[in-house]
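The primary structure of each chain is shown beneath.
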Amino acid sequence: MEWCFLGLVIVALIMVFGHHVRQLQGRGELAAFKTTLGALRAALVTDYLQHSASNSARPVALLQRNPFELLQRQPVNFAGEVRQEPSAELVPGSWVFDPVCVCVGYLPIYPQWFDSASGEPLLWFRISAGLPPFQLSAKEAYLWFDEAIQ
């Protein structure tokens, strides 16, 4: 009887530990996601400031180019240009650029911690076409660990 009780306690501890490990992995992914999104936003502002300082006019074609090209080093998980339709071949944890909508997308590795208003599995951020400097803004409401992603 004592061994059964001890076995149950050990199984319960393993289950709790496993849950905490998965949650920690999800929070690590969120931190990496925020870092890359912040780098893209900073690259857009830096590019705008460089062009403003040199007083050069930017053609519209440059505004619709891939913002990952503005980074000194592209992330290893950048999968390239992809259309916004759900892509089965996209590897979880990948960043993509859609040249049609001029959007940046990310497919989470751990989707159980992520929720979108439409149920879309990817997070999409549109490059604003308003007043410069250009910004990345979320296409819809996203929650990751009950934290709003904007």
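What counts, and where the lines are drawn
Residues numbered from 1 in each chain as written. Predicted model: local features only at pLDDT ≥ 70, side-chain atom pairs only at ≥ 80, totals over all residues. Heavy atoms only, no water. Disulfide = S-S within 2.5 Å. Buried < 20%, exposed > 50% of the residue type's maximum accessible area, 1.4 Å probe, protein only. Pairing = 2+ DSSP bridges. Helix = DSSP H or I, 4+ residues; strand = E, 2+ residues; numbered from the N terminus. Axes fitted to C-alpha atoms, helices over the stretch in contact; angles between N-to-C directions. 1 Å grid on protein atoms, 1.4 Å probe; cavity = no way out; pocket = protein on both sides within 12 Å on 5 of 7 lines; lining within 4 Å. Points joined across faces, edges and corners; volume = space filled by probe spheres on them. Nonpolar A, V, L, I, M, F, W, Y, C, P; charged D, E, K, R; others polar. Core = buried A, V, L, I, M, F, W, Y, C linked by side-chain atoms within 4.5 Å. Contact = heavy atoms within 4.5 Å.

## A word on the state of the cysteines
Step number 1: Under the definition given, this model contains one disulfide.
Step number 2: With its sulfur 2.0 Å from that of its partner, Cys-101 forms a disulfide with Cys-103. Across this residue pair, the class does not change: Cys-101 and Cys-103 are buried.

## Some points on the sheet that holds strand β1 (residues 78–81)
Step number 1: Strands sit in the order β1-β2-β3-β5-β6 across an open sheet of five strands; the sheet is mixed. The open sheet terminates on both sides in strands that have one partner only, identified here as β1 and β6 (136–138). Direction aside, neighbouring strands of the sheet carry axes that sit 25° apart on average.
Step number 2: When strand β3 (residues 103–106) meets strand β5 (residues 123–127), the two strands line up antiparallel, connected through four bridges.

## Describing the layout of surface pockets
Step number 1: Estimates place the volume of the largest pocket at around 190 Å³.
Step number 2: Of the residues assigned to the lining of the largest pocket, the class counts are three nonpolar, two polar and one charged.

## Structural notes on the pairing of β3
Step number 1: By the alternation rule, side chains of β3 split into Cys-103 and Gly-105 and Val-104 and Tyr-106, which are all buried.
Step number 2: Two strands pair when backbone bridges link them, and strand β2 (residues 95–98) and β3 are joined in this way by four bridges, in the antiparallel orientation. If you follow Val-96 over to β3, its bridge partner there is Gly-105.
Step number 3: A loop of four residues connects β2 with β3, the two strands running antiparallel in sequence, and Val-102 in this loop sits at a positive phi of about 55°.

## With respect to unusual backbone geometry
Step number 1: At Phe-145, a position not held by glycine, the phi torsion is positive, near 55°.
Step number 2: For Phe-145, the position within the fold is in the loop between β7 (142–144) and β8 (147–149).

## Quick look at the nonpolar core
Step number 1: Residues Phe-33, Trp-95, Leu-123, Leu-136, Trp-144 and Ile-149 are the most contacted members of the largest nonpolar core, which totals 32 residues.
Step number 2: Counting only elements with at least two residues in this core, the list comes to α1 (2–53), β2, β3, β5 and β7.
Step number 3: Top contributing element to this core by residue count: α1, with six residues.
Step number 4: Trp-144 has contacts with Gly-26, Glu-29, Leu-30, Phe-33, Tyr-106, Pro-108, Trp-113, Phe-114, Leu-123 and Ile-149, leaving out every residue within four places of it along the chain.

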